[in-house]
Structures are given as structure tokens and as C-alpha cells.
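If you want the building blocks of each chain, they are given just below.
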Amino acid sequence: MSTLPSDSLTYLLAAFQHAHIGLVITDAKGIIIEVSQRVSEISGYPRDLLIGQRPAIFKSGRHPETFYQAMWQALHEKAYWSGEICNRRRDGEFIYEQLSIAALRDETGQVVHYVAVFSDISEQVRAESRILQAAYLDTLTGLPNRRLLGDRLDQAIAQCKRSGRHMATCFIDLDGFKKINDSYGHEAGDQLLIAVAQRLQSQVRGNDTVARLGGDEFVLLLNDLEDDSECVQAIQRILDKIAEPYLLPDNSHGKVSASIGITLYPADANDADTLLRHADQAMYVAKEAGKNCFQLYDSRLEQRLLARKATLHRVAQGLKQQQFVLHYQPKLDALRGCITGLEALIRWHHPILGHLEPNQFLPVIEDDDLALTLGEWTFRAALRQNRAWHGAGFALCVSVNAFPRQLQRTDFPELIRRLIDEEWPDMPAGRLMIEIVETRALHELDSLEQTIERCRALNVSFSLDDFGTGYSSLTYLRTLTVDEIKIDRSFVRDMLNDHEDLSIVEAVIGLGKAFGLKVVPEGVESATHIEHLLALGCELMQGYGIARPMPAEAVIPWLQDHNNTNKDA
Amino acid sequence: MASDYDLIEWTSALETGVAEIDQQHRYLVTAINDANVQLAAEHDISLIEQITKDLLSYAIFHFDTEEELMQTLGYEQAAPDDAARHQQQHRQFSAQVIAVRDQLNNGLKISRKDLLTFLNGWLINHIMHTDQDLGAFIRKKRAE
């Protein structure tokens, strides 16, 4: 169909009017001589305005000049062009068209008309772009998601290779977000994430990327860095910005901070996935180092983390294979000669390494969620054991050491309630005590006190362990409602020959009296210790001089033996 | 950064010829060198805490690897004295690291010199001698 008598145009037009398809006919110079009704509907221009114009009137400016050059070239060579085009309506709105153009020639081969037919596919294109957006953008914050981040990282790496400049991949995890999410609800959590996204974007330049991976994890790509120190300055700014207070739904101010892991390209010359993994590993170390800080990746980090993971894996496996047991160390009331309670101490019966003491493996896991699992196991085992002793006629208080990580959780009291419900629903008062050790991890004493209060409602009492070794023992004592303080073994051990240690022991006993608390010196190694402590007005005590920690099955025989000895004495 | 101690260089004298053991030893050497450099730069309690934590972690996963190999290949039966000495050195390592942590927890200053003297000494003695015997045994067993 390369030529057509000109009166055929009338038929053509009539046909397209009915088919509801846009039809534009121009002369050989490209001047519009006729349009179908549909053209006016789609473009918003009345027929009169279009006649005499060039189709360039529809141009959107969205296609480069080369696009039109290719179109014309096809029309010259093949007399036909077809494709998608973005045009502009009279009111300025973009329309997407599926367009076909044919060049009509006469018998001599001269072009006499151009005939363009098109349909409006704007709806379709917009739906597609929404899908595309959903596939590449995070719906909550509108930031690039993991997929788009991958593309951007690839581009950034290519860019670095060309320019010889540096690029930083920064993995950001918020500290304290979960707490806000838990106490104020998801809605408030989402608002906070949006605010964080905005703050991050306000701190970067146009060619940088801020992406959200999900949850409270974000990634920054800082491009085109002169050197690595430029990145460190930017990150310090970002840390400060994130740590500024956030307005919460109840008009109070919430605080979160960021732990940031950074890996620098080309120092870490790897692919996108590896860069992200390295930044993530560095973030983990920043978290561990106390949060609200950043950590630069180096290859040794990976080794360290692999080693740590290997160990955690062994602990998890040991838990599954029931390699952990509790031993119990009696607490003596030396004045009355009776045992008032026992401290549960965890042991790892390692299949290869033999019996491991708590201080050999607890430090390795205390910063990991595994501490929650092992902690729960400890409470359950202690409750179950004490119930058995109760059944055998022994009324004892068992003390369990809680991990700081457990105490930090706002749902800790619910855990204790559930464990009591499951293991010993009718547990009498005074059978479970929780020992708290002062540590930097437990700095939010007000919320810890709330946790303590809620546990006390479950008939659980509290003890401050290792008293006197930390920096804020007195603050702990003042803020937390506890029943007992335990004097650290290091003071007790040397009190017989070190005057300063003796003074501390005396002072803590006095402190206990002033606060109305029981005082339990630990590390009582000899009869001399016992006599001396009794003379200082201290009745309760614990240590090798009384009994070593023993397996559960040895406890009742020991108690019976101890009682008999006392009767004889 | 100037340091009182030379960093340990990985040489063939440290190799046992058992791939998994050598890989883990390389890690220990790196960790101790790191501790050396870091502690020269700053004397920070949380840093020593982190170092001792890493060493404890190492003690669990590495000693486990070695002692499991000893068990499965029958080292104890073949060389009871060597096996006992070997295990004893492992226990001594853990005990020493714990002692350092306990000292820290009791607010005592840890001398960097003491910590590094112990670590360097242990490493050289253990890896260059005790582990060489075990390595030779494992290589022989695996060749059989």
C-alpha cells in the first residue's frame, strides 16, 4: 500500500471515525490536512486548530532529537514507522500513544501524504510505571529499595572505575527503634522511619543514594568522594542528625540513634553484593561497640565475625543437644545455721572441651539473641528444679542470673509469667529471685525499674550481684527496688588481710542495713571468713567455704547432711 | 604505630599442614597482632573486653576443632602424653583469658605488657611445638 488515490482519504477518514482511532493526514511537507474526531478528543485541540499545523505541535519534549531523526529515516527508507511515543496534550498533560505512520506515494514514487494512526495507551503505561515503581521503590518512604540499590551500586562501581574517585557503601541500622515501635505502635514506628528517611536525604548530595532495605535498615551510597576522610565527616554529621529527638504521637520526644558500617571502594574492590555484606558486618561491629557510632570495614572484621559465628553456632547446637546444665550453690544463714536459698549457675558440658564455666562462654553470647534463648532455658530449668524440691518438702529460694539483654526487653515480665504458668503455676512467694549485674548495657534504669516492679507483682524478688565493682552501684541501689545486695567476691576474699577491702565490706553491710536490704557476701572461703562476717552483723553468705556449686541431684543429700551436722553441733 | 612487641609474622614454621587448623591459627595470629597494635594506640577497657571476648570465642571454636580431630583420629591412644599436654595448654589459655576479664571486672588495670607477653608466648609455644606434633600425627593418619 504505497500509493493511494486522494479521494480514498475520505473513505479512510470515515472508517477511522468509526473505529475510534486517532488518524492524522498530512501533505507531503508534513502539514496537517485532516484529522479524525478522536485526535481532538485525545489531544484536546479542536480540528480547526490542527489543520495547517505540523504534528510537532504534539511534541512532549521527552524524546531526544535522535528519536525523531530515526523516525524520519525509517519513513524515507521503508515508508513506515511504528512505535510508542510520548506526546503532550493541549492542557500540558503527557499522553502515551501507540503510533504507526505510513508515507503514501504516487505512481512516480513521490510522497504525497503521511498518514498516522494512533491509539491512547496512557493508562497502560501509567499502570506499568506504577508496577515498576513498586518493584524499585520502598512503599513507606519512597526511597529506592534493595533492587534499585543493587543497580545504583553497580553504576557507582562503574563510575568509580572511570573517574578514579572513591565511593562509600554505608549500612545503617537504627538503635532503639524496636522499643519505640513496641511502646507506641507500628503507626508511630512508620512515621519515625519516614522522618529518618527525610533526615538522611537532607544530609546527602544529589548524586548520592539513600535506600531502605526494610525494617529499620537503610543504606547510603556516597559517590564521588575525593578521599576516604570526606566520608567519615559526612557520616559523623549523619549520626548527629539521626540522634536528634523525634516527636512522638503523645508529643513526647523519642530518641533513636544509628549504628553505621562502612566499606570504601576501591579499597574494598568487590562487587555490589559483597560491598553490602561487608558494610553489614561492619555495622554489626559498630552495634557491638556500643551503638551510635560507625565502623569501617577491613578484611579482618570478616574473620572475626566468622569466628564469632562459629562459636555461636556451637552454643546453639549445645542448647539443642542439652549440653547445658544448672549447678546450684547454697546460700547460708550462718546465724541460724540453715540454708535459705541457692544460686543457679550454668555449666556447659561440652562434648569435646569438657565442663566449661559460665565465664568461658557467656561473654561470647551475651550480645547475641542467643542470650535470650539460653536465658529462657535457665529460668525454665531453675523453676522446674525448684518445684521438684518443693515436692520433696524443701522450701528454697532459687536465684537466677538474668542476661542484661533479657532485662532490656520490655516483655521480660511476660516471659517470667509464662514460664511460671508453664512450670509452676501455684509457685508460693519467695521461691524465685533474679540477680542483676551492673553493666553498661543496663543504663536505662527507669525502664529497668518498671520491669522489676512488674516482676515483683509475680512474687519474684531481686538481687544486685557483684555489688561494688561497677561505677554506678549506688545509682543502681537508689533507683532499683531490690531485696538483696551481693558483695563481690574480690572484696570478701581479701578482707582478712586487706584493710581497704574490709572497709568496703563493712560499708556495704552498713548500706544494706540503711536501705533495709539483705546483704550476701560472696566468695566466703573459710571458717574465719564466716566468723568475721558474723561479727560484722552479716548473717547470709555464700562461697566455697560453705559449699561449692553442685549438680541438682546432689542438693538434697547435701542439705540433709548439712542439717544433721548442724544438729550435732 | 610504634609497638613494644614485634608483630608475629606468619611463616612456614607456624604451619601444621592441616588446612582447617592452619586457617584458624592465621586468625589467632591476626587477632593477637591486632590486639598489639590497638592496645599500643589506646588503653581502653572496652577494647580489652572485646579482645578477650574474641579470644574466648576463639578458644571454643578452635580448640573444639583440634580436640575433635584428636578424638576421631585416636591421638590420645597413640600419644597419651602429648594429648594430655596439648589439652592442658588449651585449658590454660582459656583460664588466663578469664583471669584477665575477671581482673578487668574488678576494676584492676590490665598491663598490656602482661597480656601480650602471655599471648605471644602461648602462641609461639603452642603453635610452633605442640600443634606441630598434632599436625604431623594428623597428616600421617590422613595419608594412611
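Computed from a prediction, not measured in an experiment: that's the story for all the values here. (Residues numbered from 1 in each chain as written. Chains lettered and ligands numbered in written order. Predicted model: local features only at pLDDT ≥ 70, side-chain atom pairs only at ≥ 80, totals over all residues. Heavy atoms only, no water.)

Section: a positive patch on the surface
Here is step 1 of the chain: Together, R62, R88, R126 and R130 of chain A make up a region of like positive charge exposed at the surface.
Here is step 2 of the chain: With respect to the helices and strands, R88 of chain A occurs in strand 3 (residues 80-88). (Patch = residues over 30% accessible without salt bridge, like charges linked within 9 Å, V, L, I, M, F, W, Y side chains within 5 Å. Areas by Shrake-Rupley, 256 points an atom, 1.4 Å probe, with all protein chains shown as cover. Salt bridge = Lys/Arg side-chain N within 4 Å of Asp/Glu carboxyl O. Lys, Arg positive; Asp, Glu negative; His and termini not counted. Charge placed at Lys NZ, Arg CZ, Asp CG, Glu CD. Helix = DSSP H or I, 4+ residues; strand = E, 2+ residues; numbered from the N terminus.)

Looking at the sheet that holds strand 5 (residues 111-120) of chain A
Residue and element names in this part refer to chain A.
Here is step 1 of the chain: Strand order in the open sheet made by the 5 strands is 2-1-5-4-3, with antiparallel pairing throughout. The sheet is open, and its two edges are formed by strand 2 (32-35) and strand 3, each paired on a single side. Pairs of neighbouring strands in the sheet enclose a mean axial angle of 25°, with direction left out of account.
Here is step 2 of the chain: Across 6 bridges, the pairing between strand 1 (residues 22-27) and strand 5 is antiparallel. Bridge pairing links D27 to H113 in strand 5.
Here is step 3 of the chain: Each of strand 1, strand 2 and strand 5 is contacted by helix 1 (residues 8-19), which is oriented at about 160° to strand 1, the strand it contacts most.
Here is step 4 of the chain: Along the sheet, helix 5 (residues 122-136) makes contact with strand 3, strand 4 (94-105) and strand 5, crossing strand 4 at roughly 130°. (Pairing = 2+ DSSP bridges. Axes fitted to C-alpha atoms, helices over the stretch in contact; angles between N-to-C directions. Contact = heavy atoms within 4.5 Å.)

Overview of the interface of chain B and chain A
Here is step 1 of the chain: Each side of the interface is counted separately: chain B has 27 residues, and chain A has 26 residues.
Here is step 2 of the chain: Carbon and sulfur atoms supply 53% of the area buried between chain B and chain A, which totals about 2,300 Å² over both sides.
Here is step 3 of the chain: Remark: the boundary between chain B and chain A carries 3 salt bridges.
Here is step 4 of the chain: K53 of chain B is paired through a salt bridge with D367 of chain A; the nearest N and O atoms lie 2.3 Å apart.
Here is step 5 of the chain: Connecting chain B to chain A are 5 residue pairs in polar contact (both at pLDDT 80 or more). (Buried area = accessible area lost by both parts, 1.4 Å probe. Polar contact = N/O pair within 3.5 Å; in protein donor to acceptor, adjacent residues only side chain to side chain.)

Quick word on helix 16 (residues 445-456) of chain A
Residues and elements named next belong to chain A.
Here is step 1 of the chain: Taking 1.5 Å as the rise per residue, helix 16 with 12 residues should run 16 Å; its terminal C-alpha atoms sit 16 Å apart, in good agreement.
Here is step 2 of the chain: Buried within helix 16 are the following residues: L445, L448, E449, T451, I452 and C455. Viewed along the axis of helix 16, the buried residues span an arc of 160°, placing them on a single side of the element. Residues of helix 16 that are exposed and point over 90 degrees away from its buried face: D446 and Q450.
Here is step 3 of the chain: Packing partners of the buried residues in helix 16 comprise helix 14 (404-407), helix 15 (412-423), strand 17 (432-437), strand 18 (460-467) and helix 17 (473-479). (Expected span 1.5 Å × (residues − 1). Buried < 20%, exposed > 50% of the residue type's maximum accessible area, 1.4 Å probe, protein only. Arc of directions from axis to C-beta.)

Looking at the pattern of salt bridges
Residue and element names in this part refer to chain A.
Here is step 1 of the chain: Here the structure, examined in full by the defined rule, presents 42 salt bridges over all chains.
Here is step 2 of the chain: Between K287 and D173 there is a salt bridge, with the nearest N and O atoms lying 2.7 Å from each other. One end of the pair, K287, is in helix 10 (residues 272-288); the other, D173, is in strand 6 (residues 166-175), with 114 residues separating them in the sequence.
Here is step 3 of the chain: The residue E230 makes a salt bridge to R205 at a minimum N-O spacing of 3.8 Å. Separated by 25 residues along the polypeptide, E230 in helix 9 (residues 228-243) and R205 in the loop between helix 8 (186-202) and strand 7 (209-214) bring together distant segments of the chain.
Here is step 4 of the chain: Judged by its relative accessible area of 26%, E230 falls in the partly exposed class.
Here is step 5 of the chain: Several salt bridges share partner residues, and in doing so they unite E376, R380, R384, R418, E422 and E423 into one network.

Describing the pairing of strand 19 (residues 484-487) of chain A
Residues and elements named next belong to chain A.
Here is step 1 of the chain: Side chains of strand 19 alternate between two faces, with E484 and K486 and I485 and I487 buried alike.
Here is step 2 of the chain: Alignment of strand 18 against strand 19, held across 3 bridges, turns out to be parallel. Residue pairing in the sheet places S463 in a bridge with E484 of strand 19.
Here is step 3 of the chain: Each parallel crossover has a hand, and the one from strand 18 via helix 17 to strand 19 is right-handed. (Right-handed = clockwise from strand over helix to strand, strands pointing away.)

Topic: the packing of helix 2 (residues 45-73) of chain B against helix 4 (residues 80-105) of chain B
Residue and element names in this part refer to chain B.
Here is step 1 of the chain: In the contact formed by helix 2 and helix 4, the axes pass within 10 Å of each other and the chain directions differ by 165°. Overall, the two elements helix 2 and helix 4 adopt an arrangement that is roughly antiparallel. For the element pair helix 2 and helix 4, the recorded crossing hand is left-handed. Contact residues: I45, I48, E49, T52, K53, L55, L56, A59, F63, E66, E67 and M70 in helix 2; H86, Q87, H90, R91, F93, S94, V97, I98, V100, R101, L104 and N105 in helix 4. (Parallel < 35°, antiparallel > 145°, perpendicular 65-115°, else oblique. Left-handed = near helix turned anticlockwise from the far one by under 90°.)

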